[in-house]
Amino acid sequence: MTDLLSYVSVDECLSNYLISKVKKMSLIVQKFGGTSVADVEKIRAAARKAIRAQQAGHRVVMVVSAMGKNTDGLLDLASQVSDTPPAREMDMLLSTGEQVSVALVAMAIHELGSKAISLTGGQIGMKTDNSFSKARIQSISTERIERLLDDGNIVVAAGFQGIDDDLNITTLGRGGSDTTAVALAAVLGADACEIYTDVDGVYTTDPRLLPEARRVDVISYDEMLELASLGAGVMHNRSIEFAKKFGVPIHVRSSFSDTEGTMIVAEPESRMQPVSGAAMTASEARVTVLGVPDVPGKSKQIFAAIANRKIAVDMVVQNIGKEGRADISFTVPRSELKDTLDAVDSVLDQVGAHRVTHDDEVSKVSVVGLNMASQTNVAAKMFRALADAGVNIQMITTSEIKISTLVARADASTALRAVHQAFGLHSRPEDAKTWDQIKAERGGRADVDVLVSRLRDDALEALTLTGISVTENQARITIHGVPDQSGIAAEMFEIIGDAGIFVDMIVQGNDGEGTATSISFTVDATTIDQGVEVARQIQEKHSMGDVQSCGQIAKVTVSGIGLRSHTHVATKLFDQLAAAEINVEMINTSELQVNAVIQSQHLETATNRLREAFSDSLR
Ligand code: ADP
Ligand code: ASP
Ligand code: MG
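For the structure given in this document, a descriptive report is provided here. (Residues numbered from 1 in each chain as written. Chains lettered and ligands numbered in written order. Predicted model: local features only at pLDDT ≥ 70, side-chain atom pairs only at ≥ 80, totals over all residues. Heavy atoms only, no water.)

### A word on the site of ligand 2
Okay, so step 1: Close to ligand 2 lie Ser65, Ala66, Thr71, Glu98, Phe160, Arg174, Gly175, Gly176 and Ser177, which account for all nearby residues.
Okay, so step 2: Note that a nitrogen atom of ligand 2 is positioned 2.7 Å from one of the side-chain N or O atoms of Glu98.
Okay, so step 3: Between ligand 2 and the protein, one listed contact pairs an oxygen atom with a backbone N or O atom of Ser177 at 3.0 Å.
Okay, so step 4: Along the lines of polarity and charge, the residues of the shell around ligand 2 split into two nonpolar, five polar and two charged. (Near = heavy atom within 4 Å. Polar contact = N/O pair within 3.5 Å; in protein donor to acceptor, adjacent residues only side chain to side chain. Nonpolar A, V, L, I, M, F, W, Y, C, P; charged D, E, K, R; others polar.)

Here's what the structure looks like:
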């Protein structure tokens, strides 16, 4: 048991990383997903891969998922016993899938004549918090793994599971074995982290949905993090948080072929193309809280109740109110709708809102690209593609590297195909770089990300913030009464783009019945008159409601990693601003930033409060 007590601190992680680099002891983490160990033959093939790597001189840690669809099977069993199984028992049940596969893989390695030992999450000292079904990693004990590797074993670790302080078994969330693998690679200072799966790399979108999708050679951490969180199920989003914090290069490749695969690293494939991938979350749900009193602090109460249940809210849009009341819409994964509605109901009276509506027949279609921030007309191009495909957009939110739209589920595949086509994602960008070219350009530069020094030693997966910044001299323009027909957003942002106006944030709200209501966007304050002029033209043409504008606004940006999945970030921001009676006029969240638009006069108070409130995560 002693090794269970020797958890690594971050300083140790960093020094492990550096020592391993200096000593050139090569260590490889190989992760095998469910389909890669789905039957006995595949288990043997995985075992042979690991043995080959060991014979080539590497120390090998395997991370293995449950066989095939075993986890789904266990979930189904539970549902036959209980509609509301206790979360602790659910994790106890789901963790068994991985326990079966690690034992079988270790046996297969023995049978092939090499040494191997299987370990559960508890046995590798994977300590997590106690949020069953979505536990976060706090620390990992490396001593036992190191000792077993030194003895010539291939270590076969169970993915997806850990233990909390009371030795309860926890799981990291569906797809969480990727996170186990990358976290182990980080703390062990691995030279490579190979993710073996049933596709031969990361594609511009899910190749099962769009056969024309293109495999990319390289994708940046930021893009992959965002895509994963927006529905690209090839990687668990939280694994990319680890990779970025620790600078772990991830190699995604096929279990069944020798194709080169995709490298997930700091650099993007192209410095020019505005969009590098598209993703769809098919099963999304929209919730609208109608008639929320338009005073600071009300939205905070709603989002705090949801965040307390660790539900990640996306696409938050507040319609600027009528008669002192506002409507707030947001999306959550459909699987979390029931919990979300319970959370909202629990505070509805306290908030003083009128009622709640929801729609669980919606999907989210998003595009992501690191270069989008510096290019105009990207949003217009996406909206045009959707309009031309006859898809009505129910909600819009944008942030620095992504644009998300909410559409009827029946339109989702058409929408995904249309945007993939519009951005030419099927063809390789002219300036695309291969991993070898990127490595050559890196030269001798160290690839350890400095962010690692900011991590607290008791919480490897804690929130990591990189800064709080402000953008001053912004203006907001809002058009009310947007009709329920496709093509309005496209037309509007095309005209604005043609006028040379750079639009930053865009949000399109919803009236709670699935119909668009208002579109708000921000521009540089110097272009407000032009912006209003264009908005008026469109308003008149389509007989829409008022155009409102405000030339005295500013944007406060909290930057970091994993901001959306750390559900308390947006809540804390709302909390701080509400306490100072500052109204949040627009908000957007991504994994990399939370942006809040407020009146300029409050800027200093707001930033001071946020710096203070987030000082812990900022160090
Ligand atoms: P594993 O069991 O190996 O973890 P997953 O099913 O979790 O495998 O992930 C692989 C699947 O991810 C692929 O079969 C593919 O359908 C899906 N996928 C979704 N988005 C993408 C993408 N952008 N690139 C590649 N695969 C994707
Ligand atoms: N077996 C778990 C799941 O199916 C974890 C994983 O495969 O990554 O979600
Ligand atoms: Mg997976």
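Structure shown, so let's carry the discussion forward.
### A look at the site of ligand 1
Okay, so step 1: Surveying the vicinity of ligand 1 reveals 16 residues, the closest of which are Thr197, Asp198, Tyr203, Asp206 and Arg208.
Okay, so step 2: Between an oxygen atom of ligand 1 and a side-chain N or O atom of Lys31, the distance comes to 3.0 Å.
Okay, so step 3: Here Arg208 contributes a side-chain N or O atom positioned 2.4 Å from an oxygen atom of ligand 1.
Okay, so step 4: A total of 570 Å² of accessible area belongs to ligand 1 in isolation, and the protein chains cover 84% of it.
Okay, so step 5: Of the residues belonging to the shell around ligand 1, the class tally is six nonpolar, six polar and four charged. (Areas by Shrake-Rupley, 256 points an atom, 1.4 Å probe, with all protein chains shown as cover.)

### Notes on the nonpolar core
Okay, so step 1: Within the largest apolar cluster, 52 residues are counted, with the highest numbers of intra-cluster contacts made by Val29, Val61, Ile145, Leu184, Met224, Ile250 and Ile264.
Okay, so step 2: Ranked by residue count, the leading element in this core is helix H7 (residues 177–188), at eight residues.
Okay, so step 3: In contact with Val61, other than residues within four places in its own chain, are Leu27, Ile28, Val29, Gln30, Ile145, Leu149, Val155, Leu184 and Leu188.
Okay, so step 4: Counting 50 residues, the second-largest nonpolar core is a separate cluster that includes Ala379, Ala387, Phe521 and Val532. (Core = buried A, V, L, I, M, F, W, Y, C linked by side-chain atoms within 4.5 Å. Buried < 20%, exposed > 50% of the residue type's maximum accessible area, 1.4 Å probe, protein only. Helix = DSSP H or I, 4+ residues; strand = E, 2+ residues; numbered from the N terminus. Contact = heavy atoms within 4.5 Å.)

### A word on the pattern of salt bridges
Okay, so step 1: Overall, the coordinates contain 39 salt bridges when judged by the stated rule.
Okay, so step 2: In this structure, Arg88 and Glu89 form a salt bridge, with 3.1 Å as the shortest nitrogen-oxygen distance.
Okay, so step 3: Note on Arg88: relative accessible area 32%, which makes it partly exposed. (Salt bridge = Lys/Arg side-chain N within 4 Å of Asp/Glu carboxyl O.)

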